[in-house]
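# Examination of the molecular architecture
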Amino acid sequence: MKVLVINCGSSSLKYQLIDMSDESVICKGNCERIGIDGSFITHKANGGEWKVETSFPTHVEAFTKVVEMMTEGEGAVIKDKSEISAIGHRIVQGAEKFSEPCLVTDEVIQAIDDLSALAPAHNKAHAMGLRSAKAVFGEEVPNVVVFDTAFHATMPPKAYMYAVPYEFYEKYAIRRYGFHGTSHKYVSKVAADYLGKKPEELKIITCHLGNGASLAAVDGGKVVDTSMGLTPLGGFMMGSRSGDLDPSVVGYISEITGIKGNELTDYLTKKAGFLGVSGISSDCRDIEVAAKEGNERAKLVLDMYFYQLQKFIGSYVAAMGGLDCVVFTAGIGENSPTVREGVCAGLGYFGIEIDKEANKKRGDIVDITAEGAKVKTLVIRTNEELMIARDTVAVVSK
Ligand code: AMP
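This report concerns the structure included in the present document.

### Some words on the site of the ligand
- Taken together, the residues surrounding the ligand are G210, N211, D283, C284, R285, E288, A330, G331, I332, N335 and S336.
- At 3.5 Å from an oxygen atom of the ligand is found a main-chain nitrogen or oxygen belonging to R285.
- Between the ligand and the protein, one listed contact pairs an oxygen atom with a backbone N or O atom of I332 at 3.4 Å.
- Within the complex, the protein chains bury 72% of what would otherwise be the 500 Å² of accessible surface of the ligand.

Right, here's the structure in full:
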């Protein structure tokens, strides 16, 4: 069974074709600058890589080109699109309406579109992608939607409610949703398998540290709390996002700068975090280099980052009443020994201690636990596409 996994942004379309018999990637690629001049596709397959400049006025042309790249020329991997058994789409916001992956119908697409107020940068593009996929692949290929919010749907009200007048929750669905759920789900399952335990037996904190970043407290296989909130701007500081702030900071910045509403949200999404504090870069590698060279603001970024993460980890130990395992994943979590060491330093009280040599290693799963430490610390390469493909198979097999 071959599953095509799709991640649609407003001007991009990432794809991966996965052979579910051995969960291998058959081909993958990205259509960029959709609806903008200079659009192109990059396609990797059969050991080669191609970049083709072509016009993508909409996502329909992009999907059509993806089919062409998969079926024609040196990068061809299938004879016909009918070889694709199902398409799995990543959707950022499912809110309370979608707590599980489901089959796509016109009503489902409309509901995803209607949730755009809660994820303006994403859901509109996802709905457009779903309509385009249906136009290009027809009704014969089932489409499945997998939500970034779904794994967090088990959070209790005490964790997801904000202390604002209740009508904002009732009328406008304002609450914590959490994101990166597909990644938190994948790595927490891999961790349980690695430890030879059932997810129900474990208390795990999963640290998805990428450009966007979030933590989840996974107790018995179910999320009980997570750091991101109504939108992916909440939680701890990220590459260019502020994370949580005293709400009056937002009003005060607005007063000083004259930047208001969505523009201010955009400002705190793109100009804050590592970039805003350091004035150097949103990229963790640049911050680490600058800190090593003695740049004080880069050092401050790392100090703040470690401290904020330590506080979240401590609060999640309290939320779960214990801890068995910490998992680091995503761009920073998988690749930065400095961040892992900085975060874990000082968490010995909770039983978290890492082995400095093991912490330098790379791999799909690396156990960096120090000898005798009570809590296991693992580095696990995330694979959101594979998780989406597995969820897609589960839905179409029902
Ligand atoms: P992601 O959003 O998961 O793709 O992660 C992107 C982030 O990973 C970027 O901010 C990079 O700075 C970070 N990253 C990638 N490789 C490294 C590395 N070797 N050391 C530190 N950070 C890294």
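### Quick look at the sheet that holds strand β12 (residues 325–329)
- The sheet built from 6 strands is open, its strands ordered β11-β10-β9-β12-β14-β13 with mixed pairing. Looking at the sheet topology across the chains shown, the edges are occupied by β11 (222–226) and β13 (365–367). Across this sheet, the average inter-strand angle for adjacent strands is 25°, counted without regard to direction.
- As paired strands, β12 and strand β14 (residues 376–380) are joined by 4 bridges and run parallel to one another. Along β14, the bridge assignment pairs C325 with K376.
- Set on the sheet, helix α6 (residues 181–195) makes contact with β9 (203–209), β10 (213–219), β12, β13 and β14; between it and β9 the angle comes to about 130°.

### Considering a nonpolar patch on the surface
- A contiguous nonpolar surface patch, about 280 Å² in accessible area, is contributed by V164, F168 and Y172.
- Along the chain, V164 falls in the loop between α4 (157–160) and α5 (166–172).
- Judged by its relative accessible area of 40%, V164 falls in the partly exposed class.

The rules behind these values
- Residues numbered from 1 in each chain as written.
- Predicted model: local features only at pLDDT ≥ 70, side-chain atom pairs only at ≥ 80, totals over all residues.
- Heavy atoms only, no water.
- Near = heavy atom within 4 Å.
- Polar contact = N/O pair within 3.5 Å; in protein donor to acceptor, adjacent residues only side chain to side chain.
- Areas by Shrake-Rupley, 256 points an atom, 1.4 Å probe, with all protein chains shown as cover.
- Pairing = 2+ DSSP bridges.
- Helix = DSSP H or I, 4+ residues; strand = E, 2+ residues; numbered from the N terminus.
- Axes fitted to C-alpha atoms, helices over the stretch in contact; angles between N-to-C directions.
- Contact = heavy atoms within 4.5 Å.
- Patch = residues over 30% accessible without salt bridge, like charges linked within 9 Å, V, L, I, M, F, W, Y side chains within 5 Å.
- Salt bridge = Lys/Arg side-chain N within 4 Å of Asp/Glu carboxyl O.
- Buried < 20%, exposed > 50% of the residue type's maximum accessible area, 1.4 Å probe, protein only.

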